[in-house]
Amino acid sequence: MKILLLTDEVWNDKKYTDHILSNWFDGSEVGLANLYLTPGIPDNKCCSRYFQITGKMMAKSLITGKKAGINFNVNPEIPETPKAPGSPDVPENPESPEKPIVPENPERDPEIPNVPPIPGMPELPKLKLPEDAGQLYEFFKSLAADSIELLKDFIWSIGNINMDELKKFLDEFNPDIIFSIRPASAKMLRFEKVLVKFTNKPLAVFSDEDEFITKQAKVSPAYWLRYIKLNKKFKSNLPIYHKYYTLSPKQAELYKNQCRLDTDVLTKCGEFSDYFKLKEVHYPVRIVYAGLLTPDLNNTLQRLKKALEKINIRRLRMTLEIYPVNKITKHQKNQLEDGVQTFVKSKILPQELKEVYKKADIALFMESLEGKNKAAAKYSYPAEMIDCLASSSCILLLSPKENAGFEYMKEQDAAICVSDPRKIYSALKQLFLHHEKLYEYQKKAWDCGITNHDKSIVQQKIYQDFANIIVGASDKE
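On a predicted model such as this, the values are computed, not experimentally measured, just so you know. (Residues numbered from 1 in each chain as written. Predicted model: local features only at pLDDT ≥ 70, side-chain atom pairs only at ≥ 80, totals over all residues. Heavy atoms only, no water.)

## Quick word on the overall build of the protein chain
Each helix and strand counted, the protein chain has 15 helices and 14 strands in total. In the protein chain, buried positions account for 46% of the 477 residues. For the protein chain, long-range pairs separated by at least 24 residues make up 72% of all intrachain contacts whose partners lie at least 6 apart in sequence. (Helix = DSSP H or I, 4+ residues; strand = E, 2+ residues; numbered from the N terminus. Buried < 20%, exposed > 50% of the residue type's maximum accessible area, 1.4 Å probe, protein only. Contact = heavy atoms within 4.5 Å.)

## Considerations on a nonpolar patch on the surface
Judged by side-chain polarity, Leu 62, Ile 63, Leu 151, Phe 154 and Ile 158 come together as a nonpolar surface patch covering roughly 510 Å² of accessible area. Elements supplying a minimum of two residues to the nonpolar patch: α2 (55–63) and α3 (133–158). You can see Ile 63 is positioned in helix α2. (Patch = residues over 30% accessible without salt bridge, like charges linked within 9 Å, V, L, I, M, F, W, Y side chains within 5 Å. Areas by Shrake-Rupley, 256 points an atom, 1.4 Å probe, with all protein chains shown as cover. Salt bridge = Lys/Arg side-chain N within 4 Å of Asp/Glu carboxyl O.)

## Digging into the nonpolar core
Residues Trp 24, Phe 25 and Phe 179 are the most contacted members of the largest nonpolar core, which totals 66 residues. Sort the elements by how many residues they give to this core and helix α5 (residues 186–199) lands first, with seven residues. Once you skip the residues sitting within four places of it in the chain, Phe 25 turns out to touch Ile 3, Leu 5, Val 30, Leu 32, Cys 46, Phe 179, Gln 459, Ile 462 and Tyr 463. In this structure, Val 285, Ile 416, Ala 427 and Phe 432 belong to the second largest nonpolar core, which totals 33 residues. (Core = buried A, V, L, I, M, F, W, Y, C linked by side-chain atoms within 4.5 Å.)

## Thoughts on the packing of aromatic side chains
Enumeration over the complete set of coordinates arrives at 15 aromatic pairs. Both rings, one in Trp 24 and one in Phe 179, keep their centres 6.0 Å apart while their planes meet at 35°; by these two values the pair is tilted. A residue pair is termed long-range when its members are at least 10 positions apart, and Trp 24 in helix α1 (residues 20–25) and Phe 179 in strand β5 (residues 177–181) qualify at 155 residues. Accessibility expressed as a relative area gives 0% for Trp 24, which makes it buried. Looking at Phe 179, the relative accessible area reads 0%, which means it is buried. Where Tyr 36 meets Tyr 50, the ring centres are 6.1 Å apart and the plane angle is 90°; that geometry is what we call edge-to-face. (Phe/Tyr/Trp six-rings, centres within 6.5 Å; stacked < 30°, edge-to-face > 60°.)

## So, the sheet that holds strand β8 (residues 263–265)
Sheet strands associate in pairs through backbone hydrogen bonding, adopting either a parallel or an antiparallel arrangement. Read across the open sheet, the eight strands follow the order β4-β3-β2-β1-β5-β6-β7-β8; overall the sheet is mixed. Each having just a single partner strand, β4 (70–73) and β8 make up the two edges of the open sheet. Between one strand and the next, the sheet's axes are offset by a mean angle of 20°, whatever the strand orientation. One ladder, built from five bridges, connects strand β1 (residues 2–7) with β5; its direction is parallel. Looking at the pairing, Thr 7 lines up with Ile 181 of β5. This element, helix α4 (residues 163–173), spans β1, β2 (31–36), β3 (49–52) and β4 of the sheet and lies at about 160° to β3. (Pairing = 2+ DSSP bridges. Axes fitted to C-alpha atoms, helices over the stretch in contact; angles between N-to-C directions.)

## Thoughts on the packing of α5 against helix α6 (residues 221–237)
Orientation of α5 relative to α6, taken along the N-to-C sense of each, is 25°, at an axis distance of 10 Å. By the angle between their axes, α5 is roughly parallel relative to α6. Judged by the twist between their axes, the crossing of α5 over α6 is left-handed. Judged by residue contacts, Ala 186, Leu 189, Glu 192 and Lys 193 of α5 engage Leu 230, Lys 233, Phe 234, Ser 236 and Asn 237 from α6. Among the residues forming the contact of α5 with α6, the class breakdown is four nonpolar, two polar and three charged. (Parallel < 35°, antiparallel > 145°, perpendicular 65-115°, else oblique. Left-handed = near helix turned anticlockwise from the far one by under 90°. Nonpolar A, V, L, I, M, F, W, Y, C, P; charged D, E, K, R; others polar.)

## Brief notes about the environment of Leu 320
Topologically, Leu 320 is positioned in strand β10 (residues 318–324). When the C-alpha atoms of Leu 320 and Lys 305 are compared, they prove to be 7.8 Å apart, with 15 residues separating the residues in sequence. Other than its neighbours up to four places away in sequence, Leu 320 contacts Ile 287, Tyr 289, Leu 301, Leu 304, Leu 308, Gln 341, Thr 342, Phe 343 and Leu 364.

## Quick notes on the sheet that holds β10
Read from one edge to the other, the open sheet built from six strands follows the order β11-β10-β9-β12-β13-β14, with strand pairing classed as parallel. Edge positions in the sheet fall to β11 (342–344) and β14 (416–418), since each of these pairs with one other strand and no more. Each adjacent strand pair in this sheet contributes to an overall mean axis angle of 20°, direction not counted. Both strand β13 (residues 394–398) and β14 contribute to a ladder of three bridges, which runs parallel. Across the sheet, Leu 396 pairs through a bridge with Ile 416, a residue of β14.

## A word on helix α8 (residues 295–311)
Given a rise of 1.5 Å per residue, 17 residues ought to cover 24 Å, and the 25 Å separating the end C-alpha atoms of α8 matches this to within 8%. Along α8, the residues classified as buried are Asp 296, Leu 297, Asn 298, Thr 300, Leu 301, Leu 304, Lys 305, Ala 307, Leu 308 and Ile 311. (Expected span 1.5 Å × (residues − 1).)

## Quick word on the confidence of the model for the protein chain
Here the protein chain averages 80 in pLDDT, and 79% of its residues register 70 or above. This stretch, residues 78–93, has a pLDDT under 50; its non-local contacts, to residues over four places away or in other chains, come to 17 contacts. Scored below 50 in pLDDT, residues 96–141 makes 10 contacts in the model with residues more than four places away or belonging to other chains. (pLDDT = per-residue confidence, 0-100.)

## Section: the pairing of strand β7 (residues 241–246)
Taking burial as the measure, the six residues of β7 include five buried ones, the bulk of the element. As paired strands, strand β6 (residues 203–206) and β7 are joined by four bridges and run parallel to one another. Its bridge partner lying in β7, Ala 204 is registered against Lys 243. Sheet analysis places β7 next to β8, joined by three bridges and oriented parallel. Within β8, the residue paired with Tyr 244 across the bridge is Thr 263. Handedness of the crossover joining β7 and β8 through helix α7 (residues 249–259) is recorded here as right-handed. (Right-handed = clockwise from strand over helix to strand, strands pointing away.)

## Here's the deal with the environment of His 435
Within the fold, His 435 resides in helix α14 (residues 435–452). Sequence separation between His 435 and Val 281 is 154 residues, and the spatial gap between their C-alpha atoms is 8.3 Å. Setting aside residues no more than four positions away along its own chain, His 435 makes contact with Val 281 and Val 285.

Take a look at the structure:
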């Protein structure tokens, strides 16, 4: 079986650790080729054939007339650096991100020179902004961002593709099926149609976002114009989708009814040992959170901190270790850390998440319980949840009960699920007073993972589904 992968981002396992494509196809024997639509050079063990088109290429095609697209191969053994320019199977000028400018003083804006004060000149007074200036700035910033995205969509919609080189790439590979991994965008939707037209092969789609239903509370005309255009393009692509995969059964059912699609669930694989091994619980009990620290999640962690203060009022019984994957301010750290029961660790890399979770007694997974982002994960759940299942730790899930992740973990009975922030204290108290629950939910999380997310099971599902799609499409011809 030969699978043509259409992706937005570059398949680079060093830049995007635990890439979803490597998660699915590492160790497989299927033939793979990848058409991708961003700068960068691929770096993985699974695929060697590529066709790259970038926004810069598309913009140049409108200005200079040079058509966009590069057909090239790379060594599947993942060399540290790409082959030298001029080699027969690597493009002379593959698009790659420019080297970032690192200022000497990281506290200053790199675009503002650090000019020494002029002798005798008084120091300028600090500019005082009204209290709502920050909100006003963010509002105009969002308006500009929406306008820029609309312009990018326009360029991707009318840019000149190097059709001769693309056809050569497709003819040489001759795929059996096309697999588009994406959130819907103007560029992805356009290339889905182009590939189906050129190859006459069936197309399957995977998305971990709510592409069709969600509307945001925005006043930006550019946002709404883009929303209308994308929805129109999305609907026009529906007839060419042989299968539409999502992360959650709830979203799959919704799209099946709303869009009349053949939908199914496709999840991330986890690394599960062949047999379950019980982990001894520490004293004090270690709760570990590893992930983003957004304002909404900050609030939930502060509630958790207050609950721990009540539990630890006489002796230290539970601690919380926070490992942020994004940069946080000193104010955020001071809000969350007291140095006794709550600790904010150094920023970690995404590939370190799994090891951090494995050392926990309780792996904490959170989605926004309040605020504007509460409904962000309503129809899907992040792949990091599978890392929690693979950690062999008891999982504490804090999430709105209507979210797909909450419904899934509740149905599987794979985690202690809390949807009301006022019940965090009682949940923690029960876990401390009844240690047997910690061991019980270690096993339940592992059972759920090895039953539903083991690599061999997920890969076999992909291959069997694709084989059925290919046979079904050939029967209709």
